[in-house]
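So you can see what is in the structure, the chains are spelled out below.
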Amino acid sequence: MASQNPSQSTSQSSGPATGDQRLDKDTRETLVSVARHGLLLAWSFVVLFPLYWLASMSLKPPGQANALPPDWLFLPTVYNYIRLAQDGAFLAAFANSVVMVSASVVLVLLIGVPAAYVLSRYAIPMERDVLVWILSSRMLPPIAVVIPFFVIFRSLNLFDTRIGMVFMYVSINLSLVVWVMKAFFDGIPETLEEAARVDGATRFQGFRKVVLPAAKPGIFSVAIISFIFAWIELLFGLVLTNFEAVPVTLFVYSFIGSRSIEWGMLAAASMAMILPVVVFLIAVNKYLAAGLSFGVVIKE
Amino acid sequence: MSTQTQTETTTSETGVARLRALWNDYLPYWFIAPMVLVMVLITFFPGAYDLYLSVIEEPTFDVFAAEFVGLNNYATAFGRGGAMHSFIITVTVVVSALALETVLGFGLAALVAGVESERLQSFYRVLFIIPMAVAPVSLATIGRIMLNSEIGVIPYLIEATTPFAAPAFLSEIPLLTVVLLDTWNWTPFMFIIFYAGLSSVPDTLIEASRVDGAPLWRRYLHVVIPYMKPVVFVATLIRLIDLFRTFGVVYGLTQGGPGTATQLVSINIYEQMFINNSPGVAAAIAVVYLVFVVAIANIVIAKVGFEGVWD
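Treat the numbers as computed from the prediction; the structure is a model and nothing was measured. (Residues numbered from 1 in each chain as written. Chains lettered and ligands numbered in written order. Predicted model: local features only at pLDDT ≥ 70, side-chain atom pairs only at ≥ 80, totals over all residues. Heavy atoms only, no water.)

**Student:** Break down the UniProt feature "transmembrane region" (unreviewed entry) in chain B for me, citing the residues and quoting the values.
**Tutor:** Residues and elements named next belong to chain B. The UniProt record annotates "transmembrane region" (unreviewed entry) at residues 27-49, 87-114, 126-147, 220-241 and 281-301. Segment residues 27-49 splits into 100% helix and 0% strand. End C-alpha atoms: 33 Å apart. Taken end to end, residues 281-301 is 100% helix and 0% strand, and its two terminal C-alpha atoms sit 30 Å from one another. (UniProt positions renumbered as here; feature names shortened; annotations may be inferred. Helix = DSSP H or I, 4+ residues; strand = E, 2+ residues; numbered from the N terminus.)

**Student:** Describe the pattern of salt bridges, with residues and values.
**Tutor:** Within the structure shown, the criterion is met by 6 salt bridges over all chains. As a salt-bridge pair, B:Arg239 and B:Asp182 come within 2.9 Å of each other at their nearest N and O atoms. Taken together, the residues span a long stretch of sequence, with B:Arg239 in helix α11 (residues 229-243) and B:Asp182 in helix α8 (residues 174-199) at a distance of 57 residues. The class for B:Arg239 is buried, based on a relative accessible area of 2%. You can call B:Asp182 buried: its relative accessible area is 5%. Several salt bridges converge on common partners, so that one network encompasses A:Glu127, A:Lys182 and A:Asp186. (Salt bridge = Lys/Arg side-chain N within 4 Å of Asp/Glu carboxyl O. Buried < 20%, exposed > 50% of the residue type's maximum accessible area, 1.4 Å probe, protein only.)

**Student:** Which residues make up the UniProt feature "transmembrane region" (unreviewed entry) in chain A, and what values go with them?
**Tutor:** All names here are of chain A. The feature "transmembrane region" (unreviewed entry), as given by UniProt, occupies residues 38-55, 89-118, 130-153, 165-185, 218-243 and 263-284 in the numbering adopted here. Split by type, residues 89-118 is 100% helix and 0% strand. Its first and last C-alpha atoms lie 43 Å apart. Secondary structure across residues 165-185 divides into 100% helix and 0% strand, with the first and last C-alpha atoms of the span separated by 29 Å.

**Student:** If you had to explain the packing of helix α6 (residues 127-139) of chain A against helix α14 (residues 279-304) of chain B to someone new, which residues and values would you point to?
**Tutor:** For any two helices packed against each other, one specifies the inter-axial angle together with the distance between the axes. Running from amino to carboxyl end, α6(A) crosses α14(B) at an angle of 135°, the nearest separation of the two axes being 10 Å. One element, α6(A), and the other, α14(B), form an angle in the oblique class. Between α6(A) and α14(B) the crossing geometry is right-handed. Taken together, the residues of α14(B) that come into contact with α6(A) (itself represented by A:Val132, A:Leu135 and A:Met139) are B:Val293, B:Val294, B:Ala297, B:Asn298 and B:Ile301. (Axes fitted to C-alpha atoms, helices over the stretch in contact; angles between N-to-C directions. Parallel < 35°, antiparallel > 145°, perpendicular 65-115°, else oblique. Left-handed = near helix turned anticlockwise from the far one by under 90°. Contact = heavy atoms within 4.5 Å.)

**Student:** Go over the packing of aromatic side chains, please, and point to the residues and values.
**Tutor:** By the definition in use, this model includes 45 aromatic pairs over all chains. Between the aromatic rings of B:Phe106 and B:Tyr220, the centroid separation amounts to 5.9 Å while the plane-to-plane angle is 80°, which identifies the pairing as edge-to-face. Residue B:Phe106 is located in helix α4 (residues 83-113), and its partner B:Tyr220 is located in helix α10 (residues 216-227); the two are separated by 114 residues in the primary sequence. Under the relative-accessibility criterion, B:Phe106 is labelled buried at 15%. By relative accessible area, which is 23% here, B:Tyr220 ends up partly exposed. In textbook terms, an aromatic cluster arises when at least three aromatic residues are bridged by ring pairs, as seen for A:Phe90, A:Phe94, A:Phe227, A:Trp231, A:Phe251, A:Phe255 and A:Phe280. (Phe/Tyr/Trp six-rings, centres within 6.5 Å; stacked < 30°, edge-to-face > 60°.)

**Student:** Please give an account of the domain arrangement of chain A that cites residues and values.
**Tutor:** Residues and elements named next belong to chain A. We note that the domain assignment places domain 1 (5-59) and domain 2 (82-292) within chain A. The gap between the C-alpha centroids of domain 1 and domain 2 is 38 Å. Roughly 460 Å² is buried in total at the junction of domain 1 and domain 2, and carbon and sulfur atoms are behind 88% of that figure. Counting the surface domain 1 buries against domain 2, the share from its top three residues, Leu54, Met57 and Ser58, is 81%. Counting the contacts that link domain 1 with domain 2 gives 0 salt bridges. In this assembly, domain 1 and domain 2 are joined by 0 residue pairs in polar contact (both at pLDDT 80 or more). (Domains from an automatic or database assignment. Buried area = accessible area lost by both parts, 1.4 Å probe. Polar contact = N/O pair within 3.5 Å; in protein donor to acceptor, adjacent residues only side chain to side chain.)

**Student:** Give me the lowdown on the interface of chain B and chain A, citing residues and values where you can.
**Tutor:** If you look at the interface, chain B gives 107 residues, while chain A gives 102 residues. Approximately 9400 Å² of surface area, both sides summed, lies buried where chain B meets chain A, with 79% of it carried by carbon and sulfur atoms. Between the two partners, chain B and chain A, sit 1 salt bridge. We note a salt bridge from A:Arg138 to B:Asp242, for which the minimum N-O separation is 2.6 Å. The interface formed by chain B and chain A includes 9 residue pairs in polar contact (both at pLDDT 80 or more). The dominant element in the side of chain B that touches chain A, judged by the number of residues it contributes, is helix α2 (residues 27-54) of chain B, at 19 residues. For the side of chain B that touches chain A, the class distribution of residues is 79 nonpolar, 17 polar and 11 charged. (Nonpolar A, V, L, I, M, F, W, Y, C, P; charged D, E, K, R; others polar.)

**Student:** Outline unusual backbone geometry, supporting the account with residue identities and numerical values.
**Tutor:** Residues B:Gly257 and B:Pro258 are joined by a peptide bond in cis, for which omega reads -5°. Relative to the elements of secondary structure, B:Pro258 occurs in the loop between α12 (248-253) and α13 (265-274). Phi at A:Asp160 takes a positive value of approximately 60°, unusual for a residue other than glycine. Tracing the backbone shows A:Asp160 in the loop between α7 (142-155) and α8 (162-186). A:Asp160 gets classed as buried once you look at its relative accessible area, which sits at 10%. At B:Gln255, a position not held by glycine, the phi torsion is positive, near 50°. Of note, B:Gln255 is situated in the loop between α12 and α13.

See below:
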């Protein structure tokens, strides 16, 4: 079937497509282009409308936030943001998230990057199985993982601590870091380190001074992607914290239970959570596909 | 005194040298050991501990004091625990969201890749990844506001601009709402990987098929997609795995309700553990879920294989 493809497709396309071909080529191309841009605009609207709505809610004065029909024109106010900045619980949760997630990213890089280097450069017995095993840590549903850790953390006094949360955040990103960095190291020619070794550098120096700098874009992007995955995590905060180590996701969630929801403040809190990540995503845009695909799509 | 310090420094110097030699000679082991340690801790330990919790009466650290109850907890889980219902709900959500996100992601990637203006292309590429910045729980709260039957802007707009009555998103079609929110959130993931995959298809390949006169859909089906097979495989595999982890968007949106209409397995386990206070039942469902997800992922990996992915 596939081998006959050329002859078949020509005969087929001249069949049903005759009507089409009467349109001259320019018109057809214009039509395709119009359809393309129409669809892209439609999806842009789908993407932007909820975000626009959230942003406008956060900037509306209280009482106007949920007016229907919507007040499309309104005088923006930073009232909600000011109230948010005075809210101790929000500030604590936001600071917690920044500290815990950043620490987890540093730690996961320290653990994952050297391991990825070894997986890339040395002959590992059953390498494929090892890699699938590493990936399997991502397959485990967090809820199944968190129950044992809930019990253990209580007895080790790690419950509701930042250290415990940092460990959990490391656990969700380690497989990603190892896979992506292995792919990046695979793409760095070994001759570079060999040259350094000839010049008298030790293995470790070769790694630190030659390989790591060459892998910088990979490290940068995998760090940001790990940050995002930890930043948006709710379940661990819900189960393993209750006061001291509450992350910002749990703060946003806690709005839902309260009887009279302050929509404007909720919207402002959500915006505060989203905006840094948008900046990060744009910063890492070029390597996002490589990172998200666990290093399989390495080009571009 | 001075001689003593002298000898001390020399011994410590040789000590340092010995340590340094040890460090460099066994470098690969030092490098990989922490990762292996953490991996063992996060893969084998939770499964084993879930298994242990699932066959005893009450959680206890003393293995010998624990009262063994056999498969009682499993019977409870699949009896009044509603585990079966949760598995069906989960599979429904995972399969439909995965299908939607794959098709939409690919369609968008193909559309964007065809835009002539480079600048416009990178504009769309950046714009379309933004939903990923929204944490599922934030998305759930946004959804609660915008989809609310009384104060929501989306039901309002539907009724104001179309002749149709807006459905009650959170009470009549909660499952569909969950799928649609997840699609909004994670289609960018598929989009950006497919887009990178599409841009790696050599132009000559596309040119050749265009000269053949093959219609567009045929070109994609027989030339582009086979070329991109590893990319498609990896993107769907990772998204599949991640979909089984879904929690925040549903918990924030409906908390499994109304009733048990959106009670995913992860939410069922959470409620058994923290609302019903029955860790044994929670652990029993967790064990089944764990085996279920790992088995599915491994079957997919074995069936499709990583050929071309890392060889």
